[in-house]
Amino acid sequence: MSDTDDVAARHGRYDRRELLRKGGVGALTVGLAGSTASKAFGFYGPLRFKGRWLKGDLTIIQWVHFVPAYDTWFDNTWCKQWGEKNDVQVKVDHILNTLLPARAAAEVAAGSGHDLFFQLAPLAQYEDQVIDHKEIVQEVQRKIGKIGALAHKSTYNPRTKKWFAFSDNYVPDPVIWRHDLWNGVGLAPNTWDNVRTAAPKLKAIGHPIGIGMSNELDSNMANIAFLMCFGAFIQNEHQQVTIKSKHTIEALKFMADIYQRGETSEIFGWTPSSNNDFIYAGKGSMILNAISATRTPEDRHLPFADDLWIYPIPKGPHGRYGLEHVMGVYSIWKFAKNKAAAKKFLSDLEINYRQAFLASKFYNFPTFPGALPFNQIQKYARADTHKPRGKYQILTTIAKKYTYNVGYPGFTNAAVSEVFATFLIPQMFAQVAQKKMTAADAASAADQQFKKVFAKWRKAGKI
Amino acid sequence: MSHVTLREKTLSYLIVGPFAIVLAFPFYWMVMMAFKKDADFYNVQNVPFKFNGGPTFANVRLLFHHTKYVNWLINTGEIGVVVVGITLALAVPAGYALARLSGRMGQSLGVGIFLTYLVPPTLLFLPFFALISRLHLQNSIWSLVLVYPSFTVPFSTWLLMGFFKTVPQELEDAARIDGASRLGTLIRVIFPISIPGILTVVIFSFSLVVNEFVYAFVFISSSAHRTVSTGVYTDLIRGDLPEWGAIMVAALIPSIPLALLYNAFLNRFIAGFTGGAFR
Amino acid sequence: MAEAVVEARPRGRRWIDIFERPGFLASVLISPAVVFITALVGAPLALAVYLSFTNSTAGSLHGKFVGLHNFRHEWHEAAFQHAVWHTFLFTVISQAAVLIGAGLLAHALIRPFRGRWILRFLILLPWAAPIALSLMAWTWIFDTTYSVINWTLIHLHLVDPISPPQWLAQPHLAMGSVIFVHAWRILPFATVIFLAGIASIPKEVDDAAAIDGATGLRKFWYVTLPLQLPIATVALLFGIVFTATDMVVVYILTNGGPPPSNSTEQITTWAYKIGIESGSLGEGAAISLFLLPVLATMAVLMLLFARRVEVS
């Protein structure tokens, strides 16, 4: 199967050399035509990517994007144009993101499925079923510069030296808070200490804060980031479990305190849309969520839309450590039928990420900073007219300085993915918050659980 | 006599009323959710039991113009009809055989085919999908047509077995005395009487098909080929924002006609049991 | 046609008469169903069993053979043990409720009265709706912010507006909600089966009972109940099986939560989390298969019981 790739690649290079050698009018015409086309569509180099060696179909499956305009752009503009340019029929299927793992398992079981499979988090456990994506990373790096640390740490396995996925985007995870309500209690969620002080006061006026401790994505991200702000980590750089530490205990106690005095029990039953609704109903005064929580009030013209401010994650004793809210991660199965087209599709998508960024209304940030430098993102954000003016600019700061990968300081490996997928961390927090376990016991229990998971994947040779 | 009827009637209302309210309340709620304006829907201060600011058809429009809902309805209908056909073709003879003809071995067989229910589809879907892919049926509604009878047939067989047992043996004996063969009896005598039983199987099988989720979701990935359950669930939930109104419209459209249909069948079905051909 | 067969009999004695033999006819009639199901389900089932004895991961249908390791490992896991208990609890309570409810409803609905048609329509609705979609309605009814139940309770001043009951976020309430929805969706189905059962009681038996002076409760205990037992058993059995092997209800309502006790995690949802979402497929298969012997034994016992109490 990899033979076809090599042949195709060789073919492309041969074409270019041939043309250059023949030189003359032909090359000039093509060059002129190509450069006008490339200006129109933003594709790089017509000669290299003549696309004559690409054929057939390219099937993609990905989530239903929160921003409908992105899907419209992706399906009807981007894929269509790319397909025409590269002589490939592109077909995109969309499904609900929570159902993607089941679909992935089914495709592996059947040994057949989509060429490009999208996940909202890196699923390291599929490493054996996918190709090595290093070619794509190298190609993109050649064009626009190095891959960002977040994507590197999330899609590379240092033990097997394999890139098990290609991430095209990530979504920074800010704090969304009601400025008017916090003003009323004279505080801002700049530090976790402030949050702890403000929470009971906000609850007393009927507008509690909400940090989920439920079996769902938002809770996972919020709780893991919270741990990191206190210097508590799932693992260290050598992929060893370090969850049992005094920092973890401190973090658990801190969060329990916030919950007991300043939150309501609903947070244990939240779904990914619950914290959004919490804000939209006017009840909530702070959540950790992507900017979907500010875009929807804008779209719906809710009365407090202008009072929703965006801040980076509050600062804890160890600093400000946030995670991505979600990450766009594409994998190509070993049994994919059109790997060549899939690889080129991804590299083209990433190189031209400015379009995707805009189509997603600033939701998707490119994982290769070179695709759209931060100062350019800042310019776009500044131009956004929603109030308070320029509120989306902070996203660049968050993306640049405060976004780390799940499993930091180590890599996002299969064991971390399993801890993530079984929601062990929100559960640990819930144990302490509901006084079912002491913080020390909860940390020890988690330590044992994590060690078992890590041992299992270590034995499988993945860590 | 009428005094007894009155007491029985009141008792009936007293029992059925509350059950009907509890069972149907979510559907009243679906109607509310389907036709509420967004501003009303998301406003916690409003009284939720009525339409504040009037109802709206925006969700209906969204469902029909921006999704492939009509395709999903058609797909579900097609699958339902064909699967019911296959189920009847397999279960009617099997049910009759188990009821009348088979004795001991039939008992064990009857229990045996029932055992297929006991492994959850959440495990079976993987090997099933592998099978479907080998047959190149992935992403086709025919994959579901192939797999669904595996859970409609056992139950239908049981139903029909029970039903055929209630058909008096005398009827068959009378026909055979008249010189009909066993096969002939089956076709000319038993079949017409068992229409109510057959209708029941139709209802049960169709409802199992409409409700099925796991296989429908795994075997089919393109929007155009989805069924109602999976299409609505996967296409109308954007990340963390479900399109509640549209989802509820999508839920109501098949439910109400199906409930009406089941209700109508129920009459015939019960009449079949109590009436009988030998009255 | 009957005459034709009679006349043809002397001539067609050789082959068509084979259908006269009950054993042979039975095999011919049963075999399509049996062959179809065995061929279709047999291979995947065997594969699923095989997977449970391997350490396969991430959807791969191949893995290293590890014997009973998965089963032993899960047996000692607290999460699995809880899942077993929850499955048992939910099934038993919801189906007991269904049994009583369906029994009552069927009796009340058997006689015509004004408005019966519309009330029956309302009762049939949960069964007519695709379950995944009616569950979405339930999640909104139980929603943490927008629950209509809470809205009503708050406005009747029965609960604290900031902290109303959380139907899916508080452990025991969540269990109650799941059990309730399980019962809600099976009830119409069971009612219809019960209706069939009552309707199939021959009129002669009814009349005989009346003559003997058995009415009301006595009649129910000595006449109706025994006659309905076989069909009630089958209805109960299917209700139990559909509830125990169901995943959609818990998955959509609570996804096994709320933490930390994960009080609504059933065997099926736990198997899905481990086998599919975490990628440990062999373990997930082992978890799913635990249900099989339990349900099988129960099914056999109940079906034998149904046969025994059958009054011909």
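Below you will find a few notes about this structure. (Residues numbered from 1 in each chain as written. Chains lettered and ligands numbered in written order. Predicted model: local features only at pLDDT ≥ 70, side-chain atom pairs only at ≥ 80, totals over all residues. Heavy atoms only, no water.)

The next subject is the interface of chain C and chain B. Across the boundary between the two partners, chain C contributes 97 residues, which contact 106 residues of chain B. Here chain C and chain B share an interface that buries about 9500 Å² over both sides, 81% of which is from carbon and sulfur atoms. Interface area lost by chain C to chain B is led by Leu-133, Trp-140 and Arg-307 of chain C, which between them contribute 7%. Our enumeration of links across chain C and chain B arrives at zero salt bridges. Our enumeration of links across chain C and chain B arrives at eleven residue pairs in polar contact (both at pLDDT 80 or more). If you tally residues by element for the side of chain C that touches chain B, the top one is helix α2 (residues 22-52) of chain C, at 16 residues. (Contact = heavy atoms within 4.5 Å. Buried area = accessible area lost by both parts, 1.4 Å probe. Salt bridge = Lys/Arg side-chain N within 4 Å of Asp/Glu carboxyl O. Polar contact = N/O pair within 3.5 Å; in protein donor to acceptor, adjacent residues only side chain to side chain. Helix = DSSP H or I, 4+ residues; strand = E, 2+ residues; numbered from the N terminus.)

With that settled, the discussion passes to the side chain of Asn-157 of chain A. Residues and elements named next belong to chain A. Mapped onto the fold, Asn-157 is located in strand β4 (residues 156-157). On the basis of relative accessible area, Asn-157 is assigned to the buried category, the value being 5%. Setting aside anything within four residues of it in sequence, one finds Asn-157 in contact with Glu-127, Lys-162, Phe-164 and Lys-462. (Buried < 20%, exposed > 50% of the residue type's maximum accessible area, 1.4 Å probe, protein only.)

Ranked by internal contacts, the top residues of the largest apolar core, which has 350 residues, are Phe-74, Trp-192 and Phe-345 of chain A. The element that contributes the greatest number of residues to this core is helix α8 (residues 171-199) of chain C, accounting for 15 residues. The contacts of Phe-345 of chain A, once residues within four sequence positions are left out, are Leu-58, Ile-60, Phe-74, Trp-78, Cys-79, Trp-82 and Leu-116 of chain A. (Core = buried A, V, L, I, M, F, W, Y, C linked by side-chain atoms within 4.5 Å.)

Contacts between the two partners involve 35 residues from chain C and, on the opposite side, 40 residues from chain A. In total, chain C and chain A occlude about 2900 Å² of area from one another, counting both sides; carbon and sulfur atoms represent 55% of this. When the buried area of chain C at its contact with chain A is split by residue, Ile-162, Pro-259 and Pro-260 of chain C rank highest and sum to 21% of it. Across the pair Glu-283 of chain C and Lys-456 of chain A runs a salt bridge whose closest N-O atoms are separated by 3.5 Å. For the pair chain C and chain A, the interface holds eleven residue pairs in polar contact (both at pLDDT 80 or more). Examining the composition of the side of chain C that touches chain A, we find that five residues originate from one element, helix α12 (residues 267-277) of chain C, more than from any other. Each residue belonging to the side of chain C that touches chain A can be placed in one class, and the counts come to 15 nonpolar, 15 polar and five charged. (Nonpolar A, V, L, I, M, F, W, Y, C, P; charged D, E, K, R; others polar.)

Moving on, we come to a nonpolar patch on the surface. A contiguous nonpolar surface patch, about 350 Å² in accessible area, is contributed by Ile-256 and Leu-260 of chain B together with Trp-117 and Ile-118 of chain C. Secondary-structure elements contributing two or more residues to the nonpolar patch are α14 (244-274) of chain B together with α5 (116-128) of chain C. Inspection of the secondary structure assignment puts Ile-118 of chain C in helix α5. (Patch = residues over 30% accessible without salt bridge, like charges linked within 9 Å, V, L, I, M, F, W, Y side chains within 5 Å. Areas by Shrake-Rupley, 256 points an atom, 1.4 Å probe, with all protein chains shown as cover.)

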